[in-house]
Amino acid sequence: MQNEHRMELFACRASRDFALKVVDEMNRMRDPSDPEIHLGESEVTSFSDGEFQPSFIESVRGATCFILQSTFPPADNLMELLLTIDAAKRASADKVIAVIPYFGWARQDRKDKPRVSIGAKLAANLLKAAGTDGLMACDLHADQIQGFFDIPVNHLYASNDFLGILKKLQRQFKDTLSIAAPDMGGAKRANVYARNLRCPVVICHKTRARANVVDKIVPIGDVEGRDIVIVDDIIDTAGTLTQAANELVKRGARSVRAFATHPVLSGPAYERIDASALSEVYVTDTIPLSTDPEKVKYQGKFRVVSLANTFAKMILRVYNYLPISPEFII
């Protein structure tokens, strides 16, 4: 390896399973002359009042530490990441890179009404204050969030992992595949996929009654007889997604599938997807699917695409000061 400092990889509790998969992939890629990579040992002490304190069991002195944690709710996940970064800096780590597959609070990226906070900027400030030297995240809700950070941001995309599956679907559908954006904000993402697949784009025009409540969706584009794939970065309550899918089928679409990077899946999302016109929903493992038996029974339409290989490759490239941009289509 080109880096003079050894690499250490740690995970906070919410993303430990994903981190173990990343380590396995990294060991498959490493040079045989390099030592085997392992997931570093750490622990979290919980107190009766609800506070907790992360600590490292092994030394990180002089190391380049990659600390992996998605910051989906509850807010304790973000707090645990911040405390772990702080612990690494206080233990004399040379550099700390926060690997955040899903960067929570990203939808709070502007003042969309008076007297509100900008949560994404605050989260960026907290990560910098904790001692983060660099950040790695996947499919940020808005590209401009990178500008909230005064440290290097390595922005990864699930596009390459999804494209392979989409090309198989395209061969299956022949000339009937269309890519759809669930709202105007997703038009750029949909256009990138459509350009690479050389297929038409459908844009869904959405109006909201209030937060998380969709009033009306009107598809713009040729829908009848098409096999449509809706692409998005997040599925939250699935209200927009399922209403768009139902409307597309009502207007003559032959089938509707969805590809989304981050399965937040809050509230009635699982139930809505199961009852919707969607035939399949492809998501990644940046956030684990619920293990609640009441939610598991509604997961029949879900297909999980692992990003462990992508993150393993990018961590090694960042560690060795290699570029990452050639690896992505966006």
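As a reminder, the structure under discussion sits directly above these lines.
Residues numbered from 1 in each chain as written. Predicted model: local features only at pLDDT ≥ 70, side-chain atom pairs only at ≥ 80, totals over all residues. Heavy atoms only, no water.

Draft legend 1. Representation of the overall build of the protein within the structure. When helices and strands are tallied, the protein shows nine helices and 14 strands. Relative to the compact-globule value of 20 Å for 330 residues, the protein shows a C-alpha radius of gyration of 21 Å, a close match. Taking the principal axes of its C-alpha atoms as reference, the protein extends roughly 60 × 50 × 40 Å. Taking all 330 residues of the protein together, the buried fraction comes to 53%. Per element, the accessible surface of the protein, about 15300 Å² overall, is 49% carbon and sulfur. (Helix = DSSP H or I, 4+ residues; strand = E, 2+ residues; numbered from the N terminus. Rg over C-alpha atoms; globule rule 2.2 N^0.38 Å. Buried < 20%, exposed > 50% of the residue type's maximum accessible area, 1.4 Å probe, protein only. Areas by Shrake-Rupley, 256 points an atom, 1.4 Å probe, with all protein chains shown as cover.)

Draft legend 2. Structural view of the packing of aromatic side chains. What the rule picks out here adds up to six aromatic pairs. Ring geometry for Phe 18 versus Phe 311: centroids 5.5 Å apart, planes at 85°, classification edge-to-face. Pair noted here: Phe 18 is in helix 1 (residues 16-29) and Phe 311 is in helix 9 (residues 308-319), with a separation of 293 residues, a long-range link. Across the pair, Phe 311 and Phe 18 agree in class, each one buried. Measuring from ring centre to ring centre gives 4.4 Å for Phe 259 and Tyr 282, while their planes differ by 10°; the resulting arrangement is stacked. Of the two residues, Phe 259 sits in strand 12 (residues 255-263) while Tyr 282 sits in strand 13 (residues 280-284), which places them 23 residues apart along the sequence. Taking the relative accessible area as the measure of exposure, Tyr 282 reaches 10% and is therefore buried. Counting every residue linked through ring pairs, the aromatic cluster contains Phe 162, Phe 259 and Tyr 282. (Phe/Tyr/Trp six-rings, centres within 6.5 Å; stacked < 30°, edge-to-face > 60°.)

Draft legend 3. Spatial organisation of unusual backbone geometry. Here the residue pair Pro 73 and Pro 74 is connected by a cis peptide bond, since its omega of 5° sits within 30 degrees of zero. Among the structural elements, Pro 74 can be located in the loop between strand 4 (64-68) and helix 2 (76-90). Not every positive phi belongs to a glycine, and Ala 238 is a case in point at roughly 70°. Along the chain, the position of Ala 238 falls in the loop between strand 11 (227-235) and helix 6 (239-250). Take Ala 238: its relative accessible area is 5%, and that puts it in the buried class.

Draft legend 4. Region of the structure containing the environment of Lys 216. Positionally, Lys 216 belongs in strand 10 (residues 213-220). The spatial distance from the C-alpha of Lys 216 to the C-alpha of Ser 117 is 27 Å, given a sequence separation of 99 residues. Other than its neighbours up to four places away in sequence, Lys 216 contacts His 205, Lys 206, Thr 207 and Gln 243. (Contact = heavy atoms within 4.5 Å.)

Draft legend 5. A look at the pairing of strand 6 (residues 134-138). Burial analysis of strand 6 places five of its five residues in the buried class, which makes it a mostly covered element. Side-chain alternation along strand 6 places Gly 134, Met 136 and Cys 138 on one buried face and Leu 135 and Ala 137 on a second face that is also buried. Relative to strand 6, strand 5 (residues 95-100) runs parallel, the two being bridged by four bridges. Across the sheet, Ile 100 pairs through a bridge with Ala 137, a residue of strand 6. Note that the unit made of strand 5, helix 3 (residues 119-130) and strand 6 has a crossover that is right-handed. Across four bridges, strand 6 lies against strand 7 (residues 153-156) in parallel orientation. Bridging across to strand 7, Met 136 finds its partner in Asn 154. (Pairing = 2+ DSSP bridges. Right-handed = clockwise from strand over helix to strand, strands pointing away.)

Draft legend 6. Just the side chain of Thr 71, in detail. Secondary-structure assignment places Thr 71 in the loop between strand 4 and helix 2. Of note is the side chain of Thr 71, whose polar atom sits 2.7 Å from the backbone nitrogen of Gly 104. Sequence-distant contacts of Thr 71, defined by excluding residues within four places in its chain, comprise Asn 77, Leu 78, Leu 81, Ile 100, Tyr 102, Phe 103, Gly 104 and Trp 105. (Polar contact = N/O pair within 3.5 Å; in protein donor to acceptor, adjacent residues only side chain to side chain.)

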